[in-house]
Structures are given as C-alpha cells and as structure tokens.
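Examination of the molecular architecture
Next come the chains, spelled out residue by residue.
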Amino acid sequence: MQHFVADQEPATLKGYRLDRNGGHDVIEAQIVENGREYQLHGKGEGALSAFVDGWMRHSGHKMNVVDYSEHAIGSGTDAEAVAYIQLNIEGQRVSGVALDHDTVSASLKALLSAMNRAQVKRTQVA
C-alpha cells in the first residue's frame, strides 16, 4: 500500500471547504504544489467530482474517476478511513491511496496521491 500513497509531493492538501447547494457540491481547496500555495475551485455531484473539476480547471489535464472505494481501519470514533482510487488521466490509468481520520479528507488525499503518481510518471518519461 505504501507504494500507492503519494499525497505529499509534488502537491499536498492543506485544507478545504465543502458546501452543498441544490444537490451539487462546491469545493474550495488550499493546495501546496512545489512550494507554491493556491486555491482550487470546483463543482460537482459530490466532493470527489468537485475536486476533479477544480483540478482539471487548474491543470488543464482531462481526467475521470475509474474506481473508488473506502473503508474504516479500526472501530469507534478513533477509526481511520482509508480511500483507494483509480483515475484515467488523459488515457493513463493511475492509482492512489490515502489515510485520514476523516473520510472526505482521505478521499481527496487519495485523488492527490494518484495525480502525484501520474505527475512523477510523466516526468520520468519526458
């Protein structure tokens, strides 16, 4: 699993705000990428969809979620959430995993993990 956890470089999630309005989610996320902080804004039918929308607007890369799952590790209020995701980024399939005490945070970090892994693969090919 550690091979797929890459939620710290080159981009990391510093924080986010999620609002639900009329059945759609709007996200404002603070991202630090290569030492530079910026705001990501996106809309969608759920937090993942909104984050993907914001990332596509920011990066210009077309992507979609191919597979997603999450589950708790442990029980009770101290349980951690683990999220697994597979993305298709411009024809390239890449997976990511993340752990957090919050399911939404774990999901967003798993997205970043997959996107970071895709970025590393693109720079190795170039």
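Computed from a predicted structure; not experimentally measured.

1. Considering the overall build of the protein chain
Helix and strand counts for the protein chain stand at two helices and six strands. When each of the 126 residues of the protein chain is scored for burial, the buried share is 41%. Across the protein chain, the fraction of contacts at a sequence separation of at least 24, relative to all contacts at a separation of at least 6, is 38%. For the protein chain, the exposed area adds up to about 7,000 Å²; of that, 48% sits on carbon and sulfur atoms.

2. Quick notes on the sheet that holds strand β4 (residues 63-73)
Strand order in the open sheet formed by three strands is β4-β5-β6, with antiparallel pairing between adjacent strands. Every interior strand has two partners, whereas the edge strands, β4 and β6 (92-100), have only one. Between one strand axis and the next, the sheet turns by 15° as a mean value, whatever way the strands run. Pairing analysis gives nine bridges linking strand β5 (residues 80-89) to β6, with the strands arranged antiparallel.

3. Focus: the side chain of serine 105
Structurally, serine 105 can be placed in helix α2 (residues 103-125). Among the polar contacts made by the side chain of serine 105, one reaches the side chain of tyrosine 16 at a distance of 3.2 Å.

4. Some words on the sheet that holds strand β3 (residues 36-44)
The pairing of strands in a sheet comes from backbone hydrogen bonds and takes either a parallel or an antiparallel form. The antiparallel open sheet is built from three strands, whose spatial order is β1-β2-β3. Each edge of the open sheet is held by one strand with a lone partner, namely β1 (11-21) and β3. On average, each strand axis in the sheet is tilted by 15° relative to the strand beside it, whichever way the strands run. Against the sheet, helix α1 (residues 47-59) contacts β1, β2 (24-33) and β3, and its axis sits at roughly 125° relative to β3.

5. With respect to the nonpolar core
Within the largest apolar cluster, 28 residues are counted, with the highest numbers of intra-cluster contacts made by Ile31, Phe51, Trp55, Leu87, Leu111, Leu112 and Met115. The dominant element in this core, judged by the number of residues it contributes, is α2, at eight residues. Apart from residues lying up to four places away in sequence, methionine 115 is in contact with Phe51, Trp55, Met63, Leu87 and Ile89.

6. Thoughts on the pairing of β2
Where β1 and β2 come together, ten bridges link them in antiparallel fashion. The residue bridging leucine 18 from the neighbouring strand is isoleucine 27, located in β2. Counted between consecutive antiparallel strands, the loop separating β1 from β2 contains two residues, among which glycine 22 sits at a positive phi close to 60°. Here nine bridges tie β2 to β3, and the two strands are oriented antiparallel to one another. Across the sheet, glutamine 30 pairs through a bridge with glutamine 39, a residue of β3. Taking the residues that link successive antiparallel strands as the turn, the β2-β3 hairpin has two residues, and the phi of asparagine 34 there is positive, at about 50°.

7. Here's the deal with the environment of isoleucine 31
Along the chain, the position of isoleucine 31 falls in strand β2. Under the relative-accessibility criterion, isoleucine 31 is labelled buried at 0%. Sequence-wise, isoleucine 31 and threonine 12 are 19 residues apart; in three dimensions their C-alpha atoms are separated by 5.7 Å. Residues within four places of isoleucine 31 in sequence aside, it is in contact with Ala11, Thr12, Leu13, Arg36, Glu37, Tyr38, Leu40, Phe51, Trp55 and Leu112.

Reading the values: rules and limits
- Throughout this document, residue positions are counted from 1 along each chain, in the order its sequence is written.
- Confidence filtering applies because this is a predicted model: local features only for residues at pLDDT of at least 70, side-chain atom pairs given and counted only at 80 or more, and all residues used for totals across whole chains, interfaces and linings.
- Hydrogens are left out, water is left out, and the side-chain values use all remaining heavy atoms of the structure.
- What counts as a helix is a DSSP run of H or I of at least four residues, what counts as a strand is a run of E of at least two, and both are numbered from the N terminus.
- In this scheme, a residue with accessible area under 20% of its type's maximum is buried, one over 50% is exposed, and one in between is partly exposed, where area comes from a 1.4 Å probe on protein chains only.
- What makes two residues a contact is simply this: any of their non-hydrogen atoms within 4.5 Å.
- Per-residue and other accessible areas follow the Shrake-Rupley method at a 1.4 Å probe size, with only the shown protein chains counted as cover for residues.
- Paired strands, in this sense, are two strands between which DSSP finds at least two bridges.
- Axis lines are fitted through C-alpha atoms, for helices just across the contact stretch, and the angle between N-to-C directions can take any value from 0 to 180 degrees.
- As used in this structure description, the phrase polar contact means that two N or O atoms lie within 3.5 Å; if the pair is within protein, one of them must be able to donate a hydrogen and the other to accept it, and residues adjacent in sequence are counted only when both atoms belong to side chains.
- For the purposes of this section, nonpolar cores are sets of buried Ala, Val, Leu, Ile, Met, Phe, Trp, Tyr and Cys residues that join through side-chain atoms within 4.5 Å.

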